[in-house]
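Reading the structure
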Amino acid sequence: MTSTQDRNNLGWLAPAISAVRIIAFVIAVALIWELACVVLKPPDYLLPPMHSVLFYFSDQWPSLLKHTRVTAYETLLGFSSAVVGGIAAAYVLQRFPRVASLLWPSVLFAQITPKVAIAPLLLLWLGFGIESKVLIAFLISFFPMLINANAGFGSIDEETAELARSMRVRPWTYFVRFQFPHALPRIFSGARIAINFSVVGAVVGEFVGSDQGLGNLVILGARLLNSPLMFSAIIMLMGMGALFFYSVGMIERWTIPWHVSYRRASQADNDAAALHDA
Amino acid sequence: MNIARELSTVENSAAAEHAGEAMLAIRGLQHRFTARSGEIVPALDTINLDINAGEFVAFVGISGCGKTTLLKIVGGLTTPSQGEVIYKGQRVTGPIKDLGIVFQKPVLLEWRTVLRNITLQLSMRGLGSAVEQRERAEELLERVGLAGYGDRYPWELSGGQQQRVSLCRALIHNPGLLLMDEPFGALDALTREQLQRDLERMWLSQKPTVLFVTHDVGEAVCLADRVVVLVGKPGAVFADIRIGVARARGADLLNNPQLQAYAKDVRAVLLPHESKADGVLTLTV
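Since the model is a prediction, treat every value here as computed from it, not as a measurement.

**Let's talk about the overall build of chain B**
- Of the regular secondary structure elements, chain B holds eight helices and ten strands.
- When burial is assessed residue by residue, chain B has 46% of its 285 residues classed as buried.
- Considering only contacts within chain B whose residues lie at least 6 apart along the sequence, 72% involve residues at least 24 apart.

**What about the nonpolar core?**
- If you look at the biggest cluster of nonpolar residues, it comprises 89 residues, and the most contacted ones within it are Phe212 and Val221 of chain B.
- Examining the composition of this core, we find that six residues originate from one element, helix α3 (residues 114–125) of chain B, more than from any other.

**Focus on the confidence of the model for chain B**
Residues and elements named next belong to chain B.
- Residue-level pLDDT values for chain B average 87, and 88% of them are 70 or greater.
- In the predicted structure, residues 4–19 sits below a pLDDT of 50 and forms 16 contacts with residues beyond four places in sequence or in another chain.
- Within the model, pLDDT remains below 50 along residues 276–285, and this stretch shows 24 contacts once partners closer than five positions in the same chain are excluded.
- Scored as a whole, the predicted complex attains pTM 0.83, and scored at its interfaces, ipTM 0.86.

**Digging into the pairing of strand β8 (residues 209–214) of chain B**
All names here are of chain B.
- Extensive coverage of β8 is indicated by the burial of six of its six residues.
- Going residue by residue along β8, you find Thr209, Leu211 and Val213 tucked away on one face and Val210, Phe212 and Thr214 tucked away on the opposite face as well.
- Relative to β8, strand β3 (residues 56–60) runs parallel, the two being bridged by five bridges. Note on β8: the bridge partner recorded for phenylalanine 56 is valine 210.
- For strand β7 (residues 177–181) and β8, the ladder comprises five bridges, and the chain directions are parallel. What sits directly across from methionine 180, in β8, is phenylalanine 212.

**A word on the interface of chain B and chain A**
- Between chain B and chain A, the residue contacts involve 16 residues of the former and 15 residues of the latter.
- Where the side of chain B that touches chain A is concerned, the elements lending two or more residues are β6 (99–102) and α3 of chain B.
- When residues of the side of chain B that touches chain A are assigned to their parent elements, the largest contribution, three residues, is made by α3 of chain B.
- In the side of chain B that touches chain A, the residues fall into ten nonpolar, two polar and four charged.

**Focus: the environment of cysteine 168 of chain B**
Residues and elements named next belong to chain B.
- In this fold, cysteine 168 is placed in helix α5 (residues 159–171).
- Separated by 51 residues in sequence, cysteine 168 and asparagine 117 place their C-alpha atoms 9.3 Å apart.
- Contacts of cysteine 168, omitting those with residues within four sequence positions, involve Ile118, Ala137, Leu140, Leu141 and Val144.

**Comments concerning the sheet that holds β6 of chain B**
All names here are of chain B.
- The six strands are arranged β6-β7-β8-β3-β9-β10 in an open sheet whose pairing can be described as mixed. If you trace the sheet from one side to the other, it starts and ends with β6 and β10 (236–242), each paired once. Taken pair by pair, the neighbouring strands of this sheet meet at an average axis angle of 20 degrees, ignoring direction.
- Here β3 pairs with strand β9 (residues 226–231) via four bridges, running parallel. Along β9, the bridge assignment pairs phenylalanine 59 with valine 228.

**Some words on the environment of alanine 88 of chain A**
- When you line up the elements, alanine 88 of chain A lands in helix α3 (residues 61–95).
- Remark: the alpha-carbon pair of alanine 88 of chain A and asparagine 150 of chain A, spanning 62 residues in sequence, is separated by 9.7 Å.

**Re the sheet that holds strand β1 (residues 24–34) of chain B**
All names here are of chain B.
- Ordered by their spatial adjacency, four strands build an open sheet running β2-β1-β4-β5, and the pairing between neighbours is antiparallel. Strands with a single pairing partner mark the edges of an open sheet, and in this sheet they are β2 (40–51) and β5 (90–91).
- Across two bridges, the pairing between strand β4 (residues 82–87) and β5 is antiparallel. Bridge pairing in β5 links isoleucine 86 to arginine 91.
- Seen against the sheet, helix α2 (residues 67–75) touches β1, β2 and β4 and runs at an angle of roughly 120 degrees to β1.

**Describing helix α10 (residues 227–255) of chain A**
All names here are of chain A.
- Helix length check: α10, at 29 residues, gives a terminal C-alpha distance of 42 Å against a target of 42 Å (1.5 Å per residue), a fit within 8%.
- Buried within α10 we find Pro228, Leu229, Met230, Phe231, Ser232, Ala233, Met236, Leu237 and Glu252.
- Contacts from the buried residues of α10 go to α2 (50–59), α3, α8 (171–208) and α9 (214–223).

**Considerations on helix α6 (residues 189–206) of chain B**
All names here are of chain B.
- Given a rise of 1.5 Å per residue, 18 residues ought to cover 26 Å, and the 26 Å separating the end C-alpha atoms of α6 matches this to within 8%.
- What α6 keeps buried is the set Arg192, Glu193, Leu195, Gln196, Leu199 and Trp203. The arc enclosing the buried residues of α6, seen along the axis, measures out at 165 degrees, which places them on a common side. Exposed side chains of α6 directed beyond 90 degrees from the buried face belong to Leu190, Leu204 and Ser205.
- Contacts made by the buried residues of α6 are with β3, α5, β8 and α7 (217–223).
- Downstream of α6 by one or two residues, lysine 207 has phi in the positive range, about 55 degrees.

**Focus: unusual backbone geometry**
Residues and elements named next belong to chain B.
- The peptide bond linking arginine 247 to alanine 248 adopts the cis configuration, its omega dihedral lying at -15 degrees.
- Note on placement: alanine 248 falls in the loop between β10 and α8 (257–274).
- Here the phi dihedral of glutamate 182 falls at roughly 45 degrees; this positive angle occurs in a residue that is not glycine.
- Relative to the helices and strands, glutamate 182 resides in the loop between β7 and α6.
- With 21 C-beta atoms packed within 10 Å, glutamate 182 lands in the buried category.
- Positive phi, close to 55 degrees, is recorded for alanine 251, a residue that is not glycine.
- Relative to the assigned elements, alanine 251 resides in the loop between β10 and α8.
- The buried category is assigned to alanine 251, around which 21 C-beta atoms lie within 10 Å.

The rules behind these values
Residues numbered from 1 in each chain as written. Chains lettered and ligands numbered in written order. Predicted model: local features only at pLDDT ≥ 70, side-chain atom pairs only at ≥ 80, totals over all residues. Helix = DSSP H or I, 4+ residues; strand = E, 2+ residues; numbered from the N terminus. Buried ≥ 20, exposed ≤ 12 C-beta atoms within 10 Å, placed from the backbone. Contact = placed C-beta atoms within 7 Å. Core = buried A, V, L, I, M, F, W, Y, C linked by C-beta atoms within 7 Å. pLDDT = per-residue confidence, 0-100. Pairing = 2+ DSSP bridges. Nonpolar A, V, L, I, M, F, W, Y, C, P; charged D, E, K, R; others polar. Axes fitted to C-alpha atoms, helices over the stretch in contact; angles between N-to-C directions. Expected span 1.5 Å × (residues − 1). Arc of directions from axis to C-beta.

Right under this line is the structure:
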């Protein structure tokens, strides 16, 4: 009884505990950083002391936020079009096998093309605005979405397909009611990869050429030997990436609570309920 | 229940039109697979069978004699290489309309609750309102001893409970033909017996035609009106034994000498063929 309750209480506290752990880790890194600067005294342009980065960070907060908004916008636009596009493409590929055999070579060819290497070309074609960044973010995160959605759609077992056929389910209903929910765990695995890739894509696009965004600030900081600026932009990027990654996880948890990876918590709830009933 | 009645009156009138004929006729059925190597593997060899409405037919035989293939062909899920299946006077060319299936695995959708797994059958067929569907599913759950389990997820249930849910899903639309492919093969002995009793009771109240594939001679004898013995590769009908034991038998092989005698008969027919194959054959006498 007590052990189940403990587990249950722990279940409630778990997010708080992990938050505390993360904060403790960040503080530890900051302290080591500060200490290293005091002891080793590196030149400021190589490694500024932690406190001067923090000072710069809070001083430049409005401007940092403005640039973050640009990069976040590019990232999310690229990511969401990769999610929609990847799922749609996977649907077409598995629904029409003949089209698939025709298209797979070009899909693979597109994948082996290094997106980072063609970023300058895309900038040349699309200009220095956000379109080119969105496109790079999209291209770089499209493939993990496609591969995972495709694997998800294809991995439905034969009996389930036969069950659906015995109910005389139409192809589109089969997709919506059977294949898509079945593929959701895989789709979310793809989305977790894709969201990080999208940040990389947006930043690379900004590296190549832009006058705004966090990638632009990093490049600017390097050119001006303004290391507090670089570090501030990097910290913002990390915070943004963490927030996005965490959000995808939250949406996943909320969308597929039935999946194996989320069962233990509710199993503990059930155990508790059963004990309560008894 | 409304939906069930609607459906069953339609089916009964269809059946009445073809009075005098068997409800299900299998004529000169042959089937061959093409293996990945390109080799053609014969699976079924000229099956002829007549099955009446409401009859419970068990198919026993060594593994690989094409029992499962036969079920799929009858249900219209597989197209035979030769021959035909006539169901209610019509040649089967695709999945038949009032079909229910139970597999060896429960095959429940893990993202749906127990109740919504059962009502899936009705909503995919567009039968009944949401409330009617729910009521009927709850009624069935109660009959298999799972009242109150409707809001759980499949993984919260034991294997036997999951298979009961799968049975409810197969029966909720009052099917004319119920195909069962070794449905209790993966369960422990006690659970299996309990499910055999549940199945007999539900079959008696709804009376669908049942084709039941099993390895277990005891199970076949306990449940079926007829036991069809398939032998050989490709499989052919070797014997067709009528089990003349009164219902409800309650899956009680241990205390029923009549059933035991039939089980011995079936085994006697099967045994000479068993030694020729590496198939698994269990006999619970």
